[in-house]
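# Geometric and topological summary
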Amino acid sequence: MPPAAERVPWRWLAAGRASRSLVLVVVFVALLLDNMLLTVVVPIVPTFLYTTEYEGANSSVAPARTEPAPPALKAPPFSSMFSYFDNTTVTVSGSTSAMELVNGTEISPPSQPPATSPPPPSGCLEGEEFLAKENVRVGLLFASKALVQLVVNPSVGLLTNRIGYHIPMFIGFVIMFLSTVMFAFSGTYTLLFIARALQGIGSSFSSVAGLGMLASVYTDDFERGNAMGIALGGLALGVLIGAPFGSVMYEFVGKSSPFLVLAFLALLDGALQLCILQPSKICPESTKGTPVFTLLRDPYILVAAGALCFSNMGVAMLEPTLPIWMMQTMCSPKWQLGMAFLPASISYLIGTNLFGILANKMGRWLCSLIGMAVVGISLLCVPLAKNIYGLIGPNGGLGFAIGMVDSAMMPIMGYLVDLRHTSVYGNVYAIADVAFCMGFAIGPSTGGAIVRAIGFPWLMVIIGVINIAYAPLCWCLRNPPAKEEKIAILSQECPMQTKSYTTQKTLRDFPLTDDSDVEAESAE
């Protein structure tokens, strides 16, 4: 092979490592796989636990109930018997044999269950009490990922400031791969809980490092908004594919199959990261980022984080409770439990890509305000559905509205740091991810308990009203003040003279020339 041909792959790699578009592709794929694993378990876990625990516990007593009866069966004491001779009902003592009743005028109907526990509707699952308890257990399992991610996120933000984004991104891939394999071969609630918590650690590394990398590569606010919209499209596509993919594969292939497919896709993502990102390279930030606690004291960042938290809390509450509610009220088969989330996923995919561009034109604050109001209205309409087709409208509106909020709030986070703090993005996107995780931690963990206490419809009313009440706060993000603007306000209110200082020095071109110092002084 000639030397020129040997250098072609290396030239391609060098060009790829300098390309912002390929960095966007890497982040897109990482968010896609993370959220596929996030939602693929939604239709699998409730039915898997029901099959293995409830039906498994009752299978031992099932043979005793199906044994053939002896020739002379005794009727239960004081059974109610219907006489076809004179159309009356009489009470017969337990000493009357079944054969005598057949030969006589009284025929015993099948034994009836107690009046306190009526049989479930035809086609519905048995075990109402078990399903009620399962709301809480499934909610805690789903929340474990977000709770762990909530704890790990601040540490990942600090780590990215010290060593860059590449190594944490690759660490996230490794942990996600291990979590996916563990999901495939876990057969108990405890192992599933550990796998879900492990996923939270990997997701923290991938999301914080990925979004921070995008914000550092796309410095223009308009370009950053478009890039964030595309990256969130990967998140939306993962949510879109995950639940239907999991329900269909679990129904027709088996529990391990969807997780093994995701593990294979995760390996491809790891190979892509090795080629593009060079995860062995340490690239610390050139300037020290603003501390997390300083950012948390910024009211504008808190308003943006609250919008992310409460809007996503609605769908987080639906994930563990909606499938069980459908099993109880709609008698839905397994494949429908995941398909119920399909309208929300499709509309979220449309919303993030559409409003990644439109939000900058109409005002991101207005986009998020309208989005949160629509989230609340959609959640109020969910309990009105009588079958799976009645969920299409509310779930579709919910996904579209959350896409509006996410595509507006993620760029605002980076813009607020540029405007009011140091332009280092690891910590602020750690806060954004913490807000996202708080919604997915508080939602499932409290949602199951609320459903058990007051019912699924009241849960939707509570979270819907919260979103509608929070929506007006997004108006505060309409025109947030910069540091220089705050100093100007102070100088108007106070007669004393104030002196303003820029937060960052002017960057000079390299290599330095003899006249560079003179140019820098004149610029100051």
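Residues numbered from 1 in each chain as written. Predicted model: local features only at pLDDT ≥ 70, side-chain atom pairs only at ≥ 80, totals over all residues. Heavy atoms only, no water.

Per an unreviewed UniProt entry, the protein goes by VMAT1 protein and derives from Phaetusa simplex. The record held by UniProt for the protein lists under Sequence similarities (unreviewed entry) the comment "Belongs to the major facilitator superfamily. Vesicular transporter family." (UniProt positions renumbered as here; feature names shortened; annotations may be inferred.)

## Here's the deal with the confidence of the model for the protein
In the predicted model, the protein carries a mean pLDDT of 75, and the fraction of residues at 70 or more is 70%. Scored below 50 in pLDDT, residues 61–79 shows 21 contacts in the model against residues more than four places distant or in partner chains. Residue range residues 92–123 is modelled with pLDDT below 50. Its contacts to residues more than four positions away, or to other chains, number 40 contacts. (pLDDT = per-residue confidence, 0-100. Contact = heavy atoms within 4.5 Å.)

## Quick notes on a nonpolar patch on the surface
A cluster of nonpolar residues, I346, I350, L354, L358, M362, I370 and V374, forms a patch on the protein surface that exposes about 500 Å² of accessible area. Taken together, the elements giving at least two residues each to the nonpolar patch come down to α14 (342–362) and α15 (364–381). Take the nonpolar patch: its biggest share by element is 5 residues, from α14. For L358, the position within the fold is in helix α14. Given a relative accessible area of 35%, L358 falls into the partly exposed group. (Patch = residues over 30% accessible without salt bridge, like charges linked within 9 Å, V, L, I, M, F, W, Y side chains within 5 Å. Areas by Shrake-Rupley, 256 points an atom, 1.4 Å probe, with all protein chains shown as cover. Salt bridge = Lys/Arg side-chain N within 4 Å of Asp/Glu carboxyl O. Helix = DSSP H or I, 4+ residues; strand = E, 2+ residues; numbered from the N terminus. Buried < 20%, exposed > 50% of the residue type's maximum accessible area, 1.4 Å probe, protein only.)

## What about helix α7 (residues 166–185)?
Over its 20 residues, α7 runs 30 Å from end to end, which matches the ideal 28 Å to within 8%, given 1.5 Å per residue. Among all positions in α7, only H166, I167, P168, M169, G172, F173, I175, M176, S179, T180, F183 and A184 are buried. (Expected span 1.5 Å × (residues − 1).)

## Overview of α14
The first and last C-alpha atoms of α14 sit 28 Å apart over 21 residues, in line with the 30 Å expected at 1.5 Å per residue. Where α14 bends most, at F355, the angle is about 45°. If you check which residues of α14 are buried, you get P343, A344, S345, S347, Y348, G351, T352, F355, G356 and A359. Looking one or two residues past α14, G363 carries a phi angle of roughly 100°, positive in sign. (Bend = angle between axes of the 7 residues up to and from the residue.)

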